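Observations on the three-dimensional arrangement
Residues per chain, in single letters:
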Amino acid sequence: MKALQEMNATEKAYLLATLFPDVLPELTQLLQAKKDRDRKQLTDITTKKVETTIDKLFVKLHRKARTKSGDITPEQQAKLEDIQYRLIELIVEQIMQNLHQDI
C-alpha cells in the first residue's frame, strides 16, 4: 500500500470509503455542502469584480472618446447583463473545476 502522502485524491477517497463505509454518505454530503458554499462565495466575489471592472471600462473608454457615459438602452442593458452572467459563470466554472481536484 502507498503512503498517504503519495496517494492522489481518488486513492485517498477509496481508502476512506473502504475504512469507513458507514460514514461515506455523510462525508459525501459534507463535501458537497462545502463545495456549494465555496461556489456561492466565489460567485458573489466574481460578480462584484466583473461588474466593477466593466463599469470602469465604460468610464475609461468614454473618457478616451471624449463622450459622456450616459443612458443605456434596454436592449444594450439586456446584452450587457447576458454577457456579464455568462462571463461570471465561465470564471466560476473554471475555478471550481480546479479548486477541488486534490482534497
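A brief report on the enclosed structure follows.

1. Here's the deal with the packing of helix H2 (residues 24–65) against helix H3 (residues 74–99)
In contact at an axis separation of 9 Å, H2 and H3 are set at 135° when each is read in the N-to-C sense. Judged on the interaxial angle alone, H3 and H2 are oblique. The two elements H2 and H3 cross, and the hand of that crossing is right-handed. Of the residues in H3, those touching H2 at Lys-35, Asp-38, Arg-39, Leu-42, Thr-43, Thr-46, Thr-47, Val-50, Glu-51, Ile-54 and Phe-58 are Leu-80, Gln-84, Leu-87, Ile-88, Glu-89, Ile-91, Val-92, Glu-93, Ile-95, Met-96 and Leu-99. For the contact of H2 with H3, the class distribution of residues is twelve nonpolar, four polar and six charged.

2. Points about the environment of Val-23
The topology assignment puts Val-23 in the loop between helix H1 (9–19) and H2. Under the relative-accessibility criterion, Val-23 is labelled partly exposed at 31%. Taking the C-alpha atoms as reference points, Val-23 and Lys-68, 45 residues apart in sequence, are found 61 Å from one another.

Rules used throughout
- Residues numbered from 1 in each chain as written.
- Predicted model: local features only at pLDDT ≥ 70, side-chain atom pairs only at ≥ 80, totals over all residues.
- Heavy atoms only, no water.
- Axes fitted to C-alpha atoms, helices over the stretch in contact; angles between N-to-C directions.
- Helix = DSSP H or I, 4+ residues; strand = E, 2+ residues; numbered from the N terminus.
- Parallel < 35°, antiparallel > 145°, perpendicular 65-115°, else oblique.
- Left-handed = near helix turned anticlockwise from the far one by under 90°.
- Contact = heavy atoms within 4.5 Å.
- Nonpolar A, V, L, I, M, F, W, Y, C, P; charged D, E, K, R; others polar.
- Buried < 20%, exposed > 50% of the residue type's maximum accessible area, 1.4 Å probe, protein only.

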